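Chain residues, written in single-letter form:
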Amino acid sequence: MDYYYNERMPELPEVETIKNELVPYIKGKRIKDIVIKRKEIIGFPNHKSFVKKSKGKKIINIRRRGKYLIFELNNGNKLLFHLKLSGRLFLINDLSPDCELKYERLRLVLNHQGLSFIEPRMFGRVYLIQKNIPKQLKGFQELGPEPLERDFNKTFLKAKLKNRKGKIKSLLLDQRIGCGIGNIYADESLFRAKIHPKRSGATLSDDEITRLVRAIKICLKAAIRYKGTTLSDYFRPKGIGGNYASHLLVKAREGKPCFICGTLIQREKISNRSTHFCPRCQK
DNA sequence: AAAACCGCCTGTCGGC
DNA sequence: TGCCGACAGGCGGTTT
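What counts and what doesn't
- Residues numbered from 1 in each chain as written.
- Chains lettered and ligands numbered in written order.
- Predicted model: local features only at pLDDT ≥ 70, side-chain atom pairs only at ≥ 80, totals over all residues.
- Heavy atoms only, no water.
- Helix = DSSP H or I, 4+ residues; strand = E, 2+ residues; numbered from the N terminus.
- Disulfide = S-S within 2.5 Å.
- Buried < 20%, exposed > 50% of the residue type's maximum accessible area, 1.4 Å probe, protein only.
- pLDDT = per-residue confidence, 0-100.
- Contact = heavy atoms within 4.5 Å.
- Lys, Arg positive; Asp, Glu negative; His and termini not counted.
- Salt bridge = Lys/Arg side-chain N within 4 Å of Asp/Glu carboxyl O.
- Core = buried A, V, L, I, M, F, W, Y, C linked by side-chain atoms within 4.5 Å.
- Near = heavy atom within 4 Å.
- Polar contact = N/O pair within 3.5 Å; in protein donor to acceptor, adjacent residues only side chain to side chain.
- Nonpolar A, V, L, I, M, F, W, Y, C, P; charged D, E, K, R; others polar.
- Domains from an automatic or database assignment.
- Buried area = accessible area lost by both parts, 1.4 Å probe.

Going from Phe44 to Pro45, the amide bond is cis rather than trans, its omega being -15°. If you check the backbone angles, Lys227 has positive phi at about 65° while not being a glycine. In this structure, Lys227 sits in the loop between helix H7 (206–225) and strand E10 (266–270). The backbone of Ala252 sits at a positive phi, close to 65°, despite the residue not being glycine. Tracing the backbone shows Ala252 in the loop between H7 and E10.

Using the criterion set out here, one finds zero disulfides in the structure. Cysteine Cys219 shares no disulfide, and the gap to the nearest cysteine sulfur, in Cys258, comes to 14 Å. Residue Cys219 is classed as buried on the basis of its relative accessible area of 0%. Of the cysteine sulfurs around Cys278, a residue in no disulfide, the closest is that of Cys261, at 3.7 Å.

Right, let's talk about the confidence of the model for chain A for a bit. In this model, chain A carries a mean pLDDT of 92, and residues with pLDDT of at least 70 account for 97%. Taken together, the stretch residues 1–6 has pLDDT below 50 and engages in eight contacts with residues farther than four places along the chain or on a different chain.

Topologically, Glu188 is positioned in helix H6 (residues 183–193). Here Glu188 is buried and forms no salt bridge, its nearest opposite-charge partner Arg192 lying at an N-O distance of 5.2 Å.

What follows concerns the nonpolar core. Ranked by size, the top nonpolar core spans 28 residues in total, and within it Leu22, Phe71 and Leu106 carry the most contacts. Among the elements that make up this core, the one with the highest residue count is helix H1 (residues 12–26) (four residues). One finds Ala186, Leu190, Ile195 and Ile209 within the second-largest nonpolar core, a separate group that totals 27 residues.

This part covers the protein's contact with DNA strand B. Close contacts around DNA strand B come from nine residues, with Tyr103, Pro120, Phe123, Arg164 and Lys165 the closest. Across the atoms of DNA strand B situated within 4 Å of the protein, the share located in sugar and phosphate is 73%. One of the side-chain nitrogen or oxygen atoms of Arg121 is found 3.3 Å away from a base oxygen of DNA strand B. Within the backbone of Gly166, an N or O atom sits 3.2 Å from a phosphate oxygen of DNA strand B. Among the residues making up the surface near DNA strand B, the classes are represented as five nonpolar, one polar and three charged.

This part covers the domain arrangement of chain A. Domain assignment breaks chain A into domain 1 (12–141) and domain 2 (154–277). The interface is formed by 17 residues belonging to domain 1 together with 19 residues belonging to domain 2. In total, domain 1 and domain 2 occlude about 1,600 Å² of area from one another, counting both sides; carbon and sulfur atoms represent 63% of this. Taken together, the connections running from domain 1 to domain 2 amount to one salt bridge. The partner of Glu21 in a salt bridge is Arg236, and the shortest N-O contact between them spans 2.8 Å. There are seven residue pairs in polar contact (both at pLDDT 80 or more) connecting domain 1 and domain 2. Of all the secondary structure elements, the ones that give two or more residues to the side of domain 1 that touches domain 2 are H1 and strand E6 (88–92). Of the residues forming the side of domain 1 that touches domain 2, the biggest block, nine residues, is contributed by H1. Within the side of domain 1 that touches domain 2, the residues separate by chemical class into eight nonpolar, three polar and six charged.

Set out below in structure tokens:
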């Protein structure tokens, strides 16, 4: 049975792809102007200080941390983007003021090029940070280790799951644990690790934790290789989608046969999140 | 402390 | 066909 797929948010592989594809166009470029079309899109500070502290500065590097994109400026300040559910960053060549992009909230004007922050739902934000991290970015400060780095391992995850009664699905979505993981890759990872999403974190055995760590790394790496998952709203800076959707094992496959055992994939709300899993393979 | 729940915001869908 | 309530969802905030 088909239904409307709301799994649309950029997660780690999507943000990583956006970062990789922005670097050749943006790195080393000067921000000649900043056009704010909706000032609420600026999470910190107020929009006037935001412009004052970033206009005319050079973008010396672009990094990713969790689901955040970080533009490092040559004055030591940083621009942090969070795309949340429907945010997109588009490279544009037409810089004329009458080039109206639907849902455009902010535009960085560079040399002969622009970077447009499109965000229909207005959940996404851009922050300017200097030395001190504002309280709105507490979550950024508390992010756990990057899942593709060595310090995201069995020891780390075991410590985090110890005494946790919550369901493993929701624990993976906690960015202090599953940094950069969202609704798609949480489900994909649990399927690959053969762990039922409703299992309480504390009940996972050492072997299951090892499998989960491996599964997370494999899923994320594969999705990066295919430049992310486009089900509805994620697009890369040049406007094209990612190619991982056809490789998904459970997400968006409700009612379709499990690739391992043929049982129909189920969808259920777990901790208020639409969750896909194989009721037979995942224990 | 941690788990559960709420609200932000807007497009899309299903029911009538 | 058009209206409208329900739904989705990351994450910060609030309540339990």
